[in-house]
Amino acid sequence: MSTLSTVSVATKRLLLGRPFRSDKLGHTLLPKRIALPVFASDAMSSVAYAPQEIFLVLSVAGLSAFVYAPWVAVAVALVMVVVVASYRQNVHAYPSGGGDYEVATVNLGPNAGLTVGSALLVDYVLTVAVSISSAMENIGSTSSLVHDNKVFFSVLAIALLAAVNLRGIKESGALLAIPTYLFIVSVAVMLIWGAIDVVLNRPIEAESAGFELRAEDSHLVGLAFVFLLARSFSSGCAALTGVEAISNGVPAFRKPKSRNAATTLLLLGGFSIVLLLGLVLMAQEAGVKYVADPAKDLIGAPDGYQQKSMIAQLAHAIFGGFTPAFYVVAVATALILMLAANTAFNGFPVLGSVLAQDRYLPRQMHTRGDRLAFSNGIVFLAVAAIIFVVAFGAEVTALIQLYIVGVFVSFTLSQTGMVRHWTRHLRTETDPRARKRMYRSRIINAIGLVMTATVLVIVLITKFAAGAWIAIVAMVILFVIMKLIHHHYATVQIELDSTEDDEVLPSRTHSVVLVSTLHLATKRAIRYARATRPDTLEAITVNVDDRDTRKLVSQWEASDITVPLKVIASPYREITRPVIDYVRRVRRESPRDVITVFIPEYVVGHWWEQILHNQSALRLKGRLLFEPGVMVTSVPWQLTSSDRRKNHDAVYTAPGDVRRALGDTSDNR
């Protein structure tokens, strides 16, 4: 093995750890206490900015519009209750991990399923881009280094998060559990502390409470005001992102998988609703103001006023002089925003694996890596998210407009599929108790369909022109690409499964050894070709230089080799074309013969040696593989430089060997 390869393998082992055996898959499954932070970090992070987005949109109509913030939050919470209840039916009915994709495919057809798949894949990519960019924006408010280089730090954070997930889902879950639970506990303590102050009539006043709002339009009435409330509601619905990840990740749970997934969904919904409503109510009690442009929209703010996030303002108002508690909340919020992308890093690879299994994505997406994670899906997600972050300059305001469209497309189609699922089963079910459960489930999913479809329409109307069209275009492009991939795989399958075999059995074998120089590699190729006992054996060389060709012919005749050598003319000094023409001529003369071409090839130990050797052999193999009735055989000759690699390979476990159960078996000794 070369020094470069040795270093790369050592680096991989240092970052990702030793490979896991295939029979260790069960040890990577998640208990509920780890599954919650793994799959809930996205939804929990949404709680950190969804209330803020509600207030931000309502600020357009002035301070009087803030009175509607609790009602908007209640509407979002109601949708959350229905969606969680609906997805609890999903995980019981479809525990295989296909989630919305499987529900839509089975009940509405493959096109509906593929629409869901493309929508979720795009939304997972945007989840990573938005979450990481938001985290860098929050950290950048306290660090000029991060603020001035937020694209670089966003890319670095995505790469580190991908590396953590490549180590395995259980290890990443254990690592992320602490910040997720820290956020839940710290915000809950803050809200309880604030509620106690309210009950005891102790004033809670945010630093922005004394400022006035300069509204863009404080006289909105009728449809215009309804549209504003709808925009506020659609922004608040960002709190629902990540709910669907649990239905896609059921296979990652410990048994009983469906029950544990349903319980985790219930916990996720409960925490999200309590924190969302608590933050909105407490923000209204504390008089929090949050606007798009503080210098322009806040009347009474001092020059250079730096607007803090809503949670930061609340923590400062509630904890007052108790600075440690304020910093705990601030750090926990920053961490949960940065780690929210982990939900996508668990949902995207599993969904990609299911799509690959159905031949809509390359089969490599279905392959588990050395640590039994879907490594290719993790890497693909990281690269795609980095592209979005770089393209949009890590600007949350620009990225967030593309957000949540995909997830509500999947919500709506999934609930439609579940209604049809229960209707189909009710036609054949005769047990009264089972029918009662099915009726109840169908009602829940029907309510979910109405609500999610309504939200989808609102999101499309309020966000389309602001950037949501980009996400829709990405979904359409991905849909078309997956259809083309599926068509290719289906065509190949039909071709290979064909029962008609019009190939005539070969009557003879005709072996050809390619020769450039008479040396040990050539002699080995001739001996090997002779050992296959062909009906006809000959050597050919291409005359690209008269002097070298005469020398080769002279050496050949003086040697003890009995195989005839043919010289093929090449007026234009080509090698590949004359060999191809000769092979085709032999095929035309003897169409029932199988032609085997033996090509001597050097085995080298350094990458730069590969550039100096084997180029003609590679070109010839590439062309000969397309010729019908022609077999290509490489005859290796190991140069001295390959000895080091051979010695290393004696103890080397190749990447991917664990997937084929060929990995290091030292654990069994």
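Conventions we followed
- Residues numbered from 1 in each chain as written.
- Predicted model: local features only at pLDDT ≥ 70, side-chain atom pairs only at ≥ 80, totals over all residues.
- Heavy atoms only, no water.
- Helix = DSSP H or I, 4+ residues; strand = E, 2+ residues; numbered from the N terminus.
- Buried < 20%, exposed > 50% of the residue type's maximum accessible area, 1.4 Å probe, protein only.
- Contact = heavy atoms within 4.5 Å.
- Areas by Shrake-Rupley, 256 points an atom, 1.4 Å probe, with all protein chains shown as cover.
- pLDDT = per-residue confidence, 0-100.
- 1 Å grid on protein atoms, 1.4 Å probe; cavity = no way out; pocket = protein on both sides within 12 Å on 5 of 7 lines; lining within 4 Å.
- Points joined across faces, edges and corners; volume = space filled by probe spheres on them.
- Nonpolar A, V, L, I, M, F, W, Y, C, P; charged D, E, K, R; others polar.
- Expected span 1.5 Å × (residues − 1).
- Pairing = 2+ DSSP bridges.
- Axes fitted to C-alpha atoms, helices over the stretch in contact; angles between N-to-C directions.
- Parallel < 35°, antiparallel > 145°, perpendicular 65-115°, else oblique.
- Left-handed = near helix turned anticlockwise from the far one by under 90°.
- Salt bridge = Lys/Arg side-chain N within 4 Å of Asp/Glu carboxyl O.

K.L.:
Could you give me a rundown of the overall build of the protein, with the residues and numbers involved?
P.N.:
In terms of helices and strands, the protein carries 25 helices and seven strands. The proportion of buried residues among the 669 residues of the protein is 49%. Once local pairs closer than 6 in sequence are excluded, the contacts in the protein between residues at least 24 apart make up 82%. For the protein, the exposed surface amounts to about 32,000 Å²; the carbon and sulfur share of it is 62%.

K.L.:
Outline the confidence of the model for the protein, supporting the account with residue identities and numerical values.
P.N.:
Mean pLDDT over the protein stands at 79; residues scoring 70 or higher make up 83%. Taken together, the stretch residues 1-16 has pLDDT below 50 and engages in 25 contacts with residues farther than four places along the chain or on a different chain. Long-range and interchain partners of residues 649-669, a stretch whose pLDDT sits below 50, account for 31 contacts in this model, where long-range means more than four residues apart.

K.L.:
Give me empty space enclosed by the protein: which residues, what numbers.
P.N.:
Considering all chains together, one arrives at one cavity of 30 Å³ or more under this definition. Quantified by volume, the largest cavity comes out at close to 40 Å³. For the lining of the largest cavity, the elements supplying multiple residues, two or more each, are helix H5 (110-140) and helix H15 (341-357). With three residues, H5 is the single largest residue contributor to the lining of the largest cavity. The residue makeup of the lining of the largest cavity, split by class, is two nonpolar, four polar and three charged.

K.L.:
Can you break down the environment of Ala283 residue by residue, with the values?
P.N.:
Tracing the sequence through the fold places Ala283 in helix H11 (residues 257-286). Residues Ala283 and Gln313 lie 30 residues apart in sequence; the distance between their C-alpha atoms is 8.6 Å. Excluding residues that lie within four positions of it along the chain, Ala283 makes contacts with Phe55, Val288, Met310 and Leu314.

K.L.:
Could you give me a rundown of H11, with the residues and numbers involved?
P.N.:
Taking 1.5 Å as the rise per residue, H11 with 30 residues should run 44 Å; its terminal C-alpha atoms sit 43 Å apart, in good agreement. Looking at the residues trailing H11, positive phi occurs at Gly287, about 70°.

K.L.:
Got a sec to walk through the sheet that holds strand S6 (residues 593-603)? Specific residues and values, please.
P.N.:
In space, the five strands of this open sheet follow the order S5-S4-S3-S6-S7, with parallel pairing throughout. A single partner strand is all that each edge strand has here, and the edge strands are strand S5 (565-569) and strand S7 (630-638). Neighbour-to-neighbour, the strand axes of the sheet open up by a mean angle of 30°, direction not taken into account. Of the strand pairs in this sheet, S6 and S7 are connected by nine bridges, and their pairing is parallel. When the sheet's bridge partners are listed, Ile599 is paired in S7 with Ser634. Sheet contacts for helix H20 (residues 520-531): strand S3 (508-514), strand S4 (536-543), S6 and S7; angle to S7, the most-contacted strand, approximately 135°.

K.L.:
Just give me the short version of the packing of helix H7 (residues 150-166) against H15, but keep the residues and values in it.
P.N.:
Two packed helices can be described by the angle between their axes and the distance between those axes. One can describe the packing of H7 onto H15 by two numbers: an axis separation of 10 Å at closest approach and a directional angle of 50°. In terms of orientation, H7 lies oblique with respect to H15. Classified by chirality, the crossing of H15 by H7 is right-handed. Note on element contacts: H15 touches H7 through Ala341, Asn342, Phe345 and Asn346, opposite Ile158, Leu161, Ala162 and Asn165. The residue makeup of the contact of H7 with H15, split by class, is five nonpolar, three polar and no charged.

K.L.:
Please provide a residue-by-residue account of the layout of surface pockets, values included.
P.N.:
Roughly 730 Å³ of internal volume is contained in the second largest pocket. Together, 31 residues line the second largest pocket, and Val515, Ser516, Thr517, Ile575 and Ser616 are the ones closest to its centre. Sorting the residues of the lining of the second largest pocket by element identifies S4, helix H21 (546-558), S6 and helix H24 (615-624) as the ones contributing at least two each.

K.L.:
An account of the pattern of salt bridges is requested, with residue identities and associated values reported.
P.N.:
One pass over the structure, following the stated rule, counts six salt bridges. Salt-bridge contacts for Arg584 lead to Glu627; the nearest nitrogen and oxygen are separated by 2.8 Å. Linking Arg584 in helix H22 (residues 576-589) with Glu627 in the loop between H24 and S7, this pair joins segments that are 43 residues apart in sequence. On the basis of relative accessible area, Arg584 is assigned to the partly exposed category, the value being 31%. Two residues, Lys621 and Glu601, come together in a salt bridge whose shortest N-O distance is 3.0 Å. Pair noted here: Lys621 is in helix H24 and Glu601 is in strand S6, with a separation of 20 residues, a long-range link.

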